[in-house]
Amino acid sequence: MIGALAAALAFSALAAAPGVVLAADPQSEVVLVIEANRFQPEEVRVKAGAPFVLVVTNRDPGPEEFESRELRIEKVIPPGKTVRLRMPALKAGTYPFVGEYHAKTAKGRIVAE
Ligand SMILES: [Cu+2]
């Protein structure tokens with residue numbers, strides 16, 4: 001038991017070593033789901049100045065277009081599909097987006113802070 005604990009501690013110490021973490025560190029992901037013509041969540045918060053990946057899944061039976069004029073993104077997401085959008089480092093601020101095919105209900109924003 002103590003041996004296993006020591007091994008676990010040793011392992012986490014290893015995992016915490018900067019070089020090791022860096023090599024395996026995936027770019028942070030922000031997850032959005034489209035369902036019933038709405039985004040969930042409608043607001044996501046990200047760190048300003050750090051690129052990230054926006055992962056958008058469309059659970060609706062029809063296509064949706066993720067669109068943000070501010071971010072210059074337009075991406076059609078077929079029903080049941082997931083797209084991964086590489087996002088640049090954003091300056092602090094609020095960046096609205098819509099699902100263009102259902103823009104009355106599908107609205108959200110990315111807040112970089
Ligand atoms: Cu469009």
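Our structure is the block above this text.
Because the structure is predicted, anything quoted here is derived from the model rather than measured.

What to know about the coordination of the copper ion
Protein coordination at the copper ion: the donors are E65 (OE), E67 (OE), E74 (OE) and E100 (OE), at 1.9 to 2.0 Å from the metal. Viewed at the metal, the 4 donor atoms of the copper ion are separated by angles of 71 to 171 degrees, and the geometry they form is irregular. Each donor residue of the copper ion lies on one chain, and together they are spaced E-x1-E-x6-E-x25-E. Of this pair, E67 sits in strand β5 (residues 64–68) while E100 sits in the loop between β8 (93–99) and β9 (107–112), and the two are 33 residues apart along the sequence.

Here's the deal with the side chain of E65
Its place among the elements puts E65 in strand β5. Buried charge without a partner: E65 forms no salt bridge, and the closest opposite charge is K75, 9.7 Å away. Residue contacts for E65: discarding those within four places in its chain leaves E74, K75, V76, V98, G99, E100 and Y101.

Quick word on the nonpolar core
In this structure, L54, V56, F66 and I110 are the most contacted members of the largest nonpolar core, which totals 22 residues. At the level of secondary structure, the elements contributing two or more residues to this core comprise β1 (29–35), β3 (43–46), β4 (52–58), β6 (73–77), β7 (82–87), β8 and β9. Contact partners of I110, with chain neighbours within four places excluded, come to V44, V46, F52, L54, L71, M87, L90, G93, T94, Y95 and F97.

Notes on unusual backbone geometry
Here Q40 and P41 are connected by a cis peptide whose omega angle stands at -5 degrees. Mapped onto the secondary structure, P41 falls in the loop between β2 (38–40) and β3. One non-glycine residue, N37, lies in positive phi territory at about 60 degrees. Mapped onto the elements, N37 comes out in the loop between β1 and β2. Taking relative accessible area as the criterion, N37 reaches 26% and is therefore assigned partly exposed. Its identity as a non-glycine residue notwithstanding, R72 has a phi of 55 degrees, on the positive side. Mapped onto the elements, R72 comes out in the loop between β5 and β6. On the basis of relative accessibility, which here comes to 78%, the residue R72 falls in the exposed class.

Looking at the sheet that holds β2
If you trace the 4 strands from one edge of the open sheet to the other, you get β2-β1-β4-β7, paired in mixed fashion. Lying at the two open borders of the sheet, with one neighbouring strand each, are β2 and β7. Looking at each pair of strands side by side, their axes are set apart by 25 degrees on average, direction ignored. In this sheet, β4 lies alongside β1 in parallel orientation, the contact comprising 6 bridges. Bridged to L32 within β4 is V56.

Cut-offs applied
- Residues numbered from 1 in each chain as written.
- Predicted model: local features only at pLDDT ≥ 70, side-chain atom pairs only at ≥ 80, totals over all residues.
- Heavy atoms only, no water.
- Donors = N, O, S within 2.8 Å, 3.2 Å for Na, K, Ca; no water.
- Tetrahedral: all angles 85-135°; square planar, octahedral: opposite > 155°, others 65-115°.
- Helix = DSSP H or I, 4+ residues; strand = E, 2+ residues; numbered from the N terminus.
- Buried < 20%, exposed > 50% of the residue type's maximum accessible area, 1.4 Å probe, protein only.
- Lys, Arg positive; Asp, Glu negative; His and termini not counted.
- Salt bridge = Lys/Arg side-chain N within 4 Å of Asp/Glu carboxyl O.
- Contact = heavy atoms within 4.5 Å.
- Core = buried A, V, L, I, M, F, W, Y, C linked by side-chain atoms within 4.5 Å.
- Pairing = 2+ DSSP bridges.
- Axes fitted to C-alpha atoms, helices over the stretch in contact; angles between N-to-C directions.

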